[in-house]
Amino acid sequence: MSISKSPDQIDQLLIKAETGNNLKREEIIELLALPISYTPQLLEAADRVRKEQVGDEIFLRGIIEFSNTCERNCLYCGLRKSNANLSRYRMSEDEIIATANEIKKSGVPTVVLQSGEDSFFDTEMICRLIERIRRETDLVITLSIGEKSYADYKSFQQAGANRYLLKHETADAEIYKYLRPGCKWEDRLQSLKWIKGLGFETGTGNIVGLPGQTLETLADDLLVMKLLNADMLGIGPFIAHPDTPLAGIDHDDLEMTLRVLAVARLLTRNTNIPATTALGTLHPQGRLLALQAGANVVMPDFTPEIYKSRYDIYPGRTDAGSAVEIIHKLEKDFQSIGRTLQYSIGHRLVKTDHSILH
Ligand code: 5AD
Ligand code: SF4
């Protein structure tokens, strides 16, 4: 690993990664394990590849967290079913449509409908929402509502949804099973293949800093992103929630999260990578640092004020102020690092290759 690498070998590896040569698992591990003094070089290489592949524009996605009710019991998440301290909400159809209209009005071209796994919103309701949003706002629609059947994904697509986010969370099947009771890693992967195969722009991603995770696991996460040919990658640090079994076991994973994000950019080249809210929560400059380490997307939260703080996945999540105020504030920061906000749809630029899925 890094200890046995000479400075010349490290430089060669960094050049290999930057120039887009396929990296082997061992090489990904080496990049994640580089001595700390190499972090700037790694992040700067990813920043250059971001610039070359997807440009200086930052794409916006407006999120609506329409239900914090969840039937699952993931050990790391504040929305887990057993968390009795959380006051649950479900937005009404009209509230969701009104919020989508707010997004439209702000000029943000895409909406992300996000929720816990809440079967109250059945397939028919979700399809109706998609159809209404299409009809009334013409926003590009991304769903982030958890694992569903093939038939459901197909219905959502026929109703007009364009994108689907389903983070794989961790590529270690054992850790996955432990952290997500009743869930199986193979099912997650199957869902992702279905989603991709149906032609959705597909988002996946992981959490960095989960218990039991190693550099090998993180390298496998990155390989999953690559092999799935995912279009969007959400990479965020683990932040412990006090009302979960993992209370108090987090540590500051800023550095490793930025490394994983940087390697994701180097490996997948032209994907859309958000500067996640979790990074912004962990560190006041987290989002800006991510945008200088490979990220090119931000996802302002348009959930109405009365609900926002109850979407309590982990503590400290919410920025103060409305989404529009937050966008304006962020815009100044972005300008300071030579970046501009882009109010266009921001599809992945190159046609995706589905061949690995068949
Ligand atoms: N820390 C960081 N991210 C988390 N998520 C859930 N709980 C946590 C946590 N404690 C992320 C997961 C999930 C999304 C809803 O939020 O990746 O996909
Ligand atoms: Fe529910 Fe998703 Fe949280 Fe798991 S991670 S408890 S499925 S909201």
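Scroll up a little and you will see the structure.
Residues numbered from 1 in each chain as written. Chains lettered and ligands numbered in written order. Predicted model: local features only at pLDDT ≥ 70, side-chain atom pairs only at ≥ 80, totals over all residues. Heavy atoms only, no water.

A look at the pairing of strand β1 (residues 57-60)
Here is the rule we go by: Two strands form a pair only when DSSP identifies at least two bridges running between them. By definition, any uninterrupted DSSP run of H or I lasting at least four residues is a helix, any uninterrupted run of E lasting at least two residues is a strand, and each is numbered from the N terminus.
Strand direction decides the pairing type here: β1 and strand β9 (residues 340-342), joined by three bridges, are parallel. Paired with Ile58 across the two strands is Leu341, which belongs to β9. Pairing between β1 and strand β8 (residues 297-298): two bridges, direction parallel. Pairing of Phe59 across the sheet is with Val297, part of β8.

Notes on the packing of helix α2 (residues 25-32) against helix α10 (residues 254-268)
Definition in use: Only C-alpha atoms enter the line fits that serve as axes; for helices the fit covers just the stretch in contact. Angles between N-to-C directions range over 0 to 180 degrees. Geometric relationships in this document are graded by angle, where less than 35 degrees denotes roughly parallel, more than 145 denotes roughly antiparallel, 65 to 115 denotes roughly perpendicular, and other angles denote oblique. Put simply, a crossing is left-handed when the front helix is turned counterclockwise from the back one by less than a right angle, and right-handed when it is turned clockwise. The contact criterion used throughout is that any non-hydrogen atoms of two residues lie within 4.5 Å. Residues are grouped as follows: Ala, Val, Leu, Ile, Met, Phe, Trp, Tyr, Cys and Pro are nonpolar; Asp, Glu, Lys and Arg are charged; all remaining types, including Gly, are polar.
Packing of α2 against α10 leaves a shortest axis separation of 10 Å and a crossing angle of 140°. As summarised for this structure, α2 and α10 are arranged oblique, according to the angle between their axes. Crossing of α2 against α10: the hand is right-handed. For the pair α2 and α10, contact is made by Ile28, Leu31 and Leu32 and by Met256, Arg259, Val260, Val263 and Leu267, respectively. Classifying every residue of the contact of α2 with α10 by side-chain character gives seven nonpolar, no polar and one charged.

A look at the site of ligand 1
Defined as follows: By convention in this text, a residue qualifies as near a molecule or strand provided that one of its non-hydrogen atoms is within 4 Å of it. Each polar contact in these results corresponds to two N or O atoms within 3.5 Å; when the atoms are within protein, one needs to be able to donate a hydrogen and the other to accept it, and residues that are neighboring in sequence are counted only if both atoms are side-chain atoms.
With respect to spatial proximity, the complete set of residues near ligand 1 consists of Tyr76, Cys77, Lys167, Glu169, Ile207, Pro237, Phe238, Ile239, Ile313 and Tyr314. Contact distances for ligand 1 include 3.0 Å between an oxygen atom and a side-chain N or O atom of Lys167. Here an oxygen atom of ligand 1 and a side-chain polar atom of Glu169 are 2.5 Å apart.

Here we look at the sheet that holds β1
Pairing within the open sheet is parallel, and its three strands lie in the order β8-β1-β9. Looking at strand neighbours, the two that pair on one side only are β8 and β9, the edges of this open sheet. Relative to the sheet, helix α14 (residues 323-336) contacts β1, β8 and β9, its axis offset from that of β9 by approximately 135°.

Some details on the sheet that holds strand β7 (residues 232-237)
With parallel pairing, the six strands of this open sheet are ordered in space as β2-β3-β4-β5-β6-β7. Two strands in the sheet have a free side with no partner beyond their single neighbour: β2 (62-67) and β7. On average, each strand axis in the sheet is inclined to that of its neighbour by 20°, with strand direction left out of account.

Quick look at the environment of Ser144
Worth spelling out the cut-off: Burial here depends on accessible area, computed with a 1.4 Å probe over protein chains only, as a share of the maximum for the residue type. Under 20% is buried, over 50% is exposed, and the range in between is partly exposed.
Considering the arrangement of structural elements, one finds Ser144 in strand β4 (residues 140-144). Residue classification places Ser144 among the buried residues on the basis of a relative accessible area of 10%. For the pair formed by Ser144 and Gly116, sequence separation is 28 residues and the distance between their alpha carbons is 8.6 Å. Every residue in contact with Ser144, bar those within four places of it in the chain, is listed here: Val112, Leu113, Gln114, Ser115 and Leu165.

With respect to the site of ligand 2
In the vicinity of ligand 2, the contacting residues are Cys70, Arg72, Cys74, Tyr76, Cys77, Leu79, Arg80, Gly116, Glu117 and Arg180. Looking at the shell around ligand 2 residue by residue, the class counts come to five nonpolar, one polar and four charged.

Observations concerning the pairing of strand β6 (residues 201-208)
Side-chain positions along a regular strand alternate between the two faces of the sheet. Rules: Note on handedness: a crossover is taken as right-handed if, strands pointing away from the viewer, the path from the first strand over the helix to the second is clockwise.
Most of β6 is tucked away: eight of the eight residues are buried. Alternating residues of β6 divide into Glu201, Gly203, Gly205 and Ile207 and Thr202, Thr204, Asn206 and Val208, and every residue in both groups is buried. Taken together, the six bridges between β6 and β7 define a ladder with parallel strand orientation. In the sheet register, Asn206 faces β7, and the bridge partner there is Ile235. For the crossover that starts at β6, traverses helix α9 (residues 215-227) and ends in the parallel β7, the hand is right-handed.

A short note on the nonpolar core
Defined as follows: The nonpolar core is taken to be a set of buried Ala, Val, Leu, Ile, Met, Phe, Trp, Tyr and Cys residues, with the residues joined through side-chain atoms within 4.5 Å.
Among the nonpolar cores identified, the biggest contains 104 residues, and Leu143 and Phe156 are the most heavily contacted of them. In terms of residue count, α10 provides more of this core than any other element does, nine residues in total. Not counting residues within four places of it along the chain, the set of residues in contact with Leu143 comprises Leu113, Ile126, Ile130, Phe156, Ala161, Arg163, Tyr164 and Leu165.

Notes on the packing of helix α3 (residues 39-54) against α10
Where α3 contacts α10, the two axes come as close as 9 Å, and the packing angle between them is 40°. Between α3 and α10, the interaxial angle falls into the category oblique. Two packed elements cross with a definite hand, and for α3 against α10 that hand is left-handed. The residues of α10 that touch α3, namely those facing Thr39, Leu42, Leu43, Ala45, Ala46, Val49, Arg50 and Val54, are Glu255, Leu258, Arg259, Ala262, Val263, Arg265 and Leu266. Here the contact of α3 with α10 is built from residues that sort into 10 nonpolar, one polar and four charged.

A few points about helix α1 (residues 7-18)
How we decide: Multiplying 1.5 Å by the residue count of a helix minus one yields the expected span of that helix. By definition, the arc is the one covered by directions from the helix axis to the C-beta atoms.
Look at α1: 16 Å from first C-alpha to last across 12 residues, which is about the 16 Å you get at 1.5 Å a residue. Those residues of α1 that sit buried are Ile10, Leu13, Leu14 and Ala17. Mapping the buried residues of α1 onto a view down its axis gives an arc of 100°, with all of them on the same face. Every exposed residue of α1 that faces more than 90 degrees away from the buried side is listed here: Asp8, Gln12 and Ile15.

Points about the packing of aromatic side chains
Let me state the cut-off plainly: To pair, rings of Phe, Tyr and Trp, with the six-membered ring standing in for Trp, must have centres within 6.5 Å; the planes then decide the type, stacked if under 30 degrees apart, edge-to-face if over 60, and tilted in the middle.
The final tally for this structure, using the stated rule, is eight aromatic pairs. Centre to centre, the rings of Tyr153 and Trp194 are 6.5 Å apart; their planes meet at 55°, and the pair counts as tilted. A residue pair is termed long-range when its members are at least 10 positions apart, and Tyr153 in helix α6 (residues 150-159) and Trp194 in helix α8 (residues 185-197) qualify at 41 residues. For Tyr153, a relative accessible area of 0% puts it in the buried group. Judged by relative accessible area, Trp194 falls into the partly exposed class, the value being 30%. Taken together, the ring pairs in this structure connect Tyr150, Tyr153, Tyr164, Trp194 and Phe200 into an aromatic cluster.

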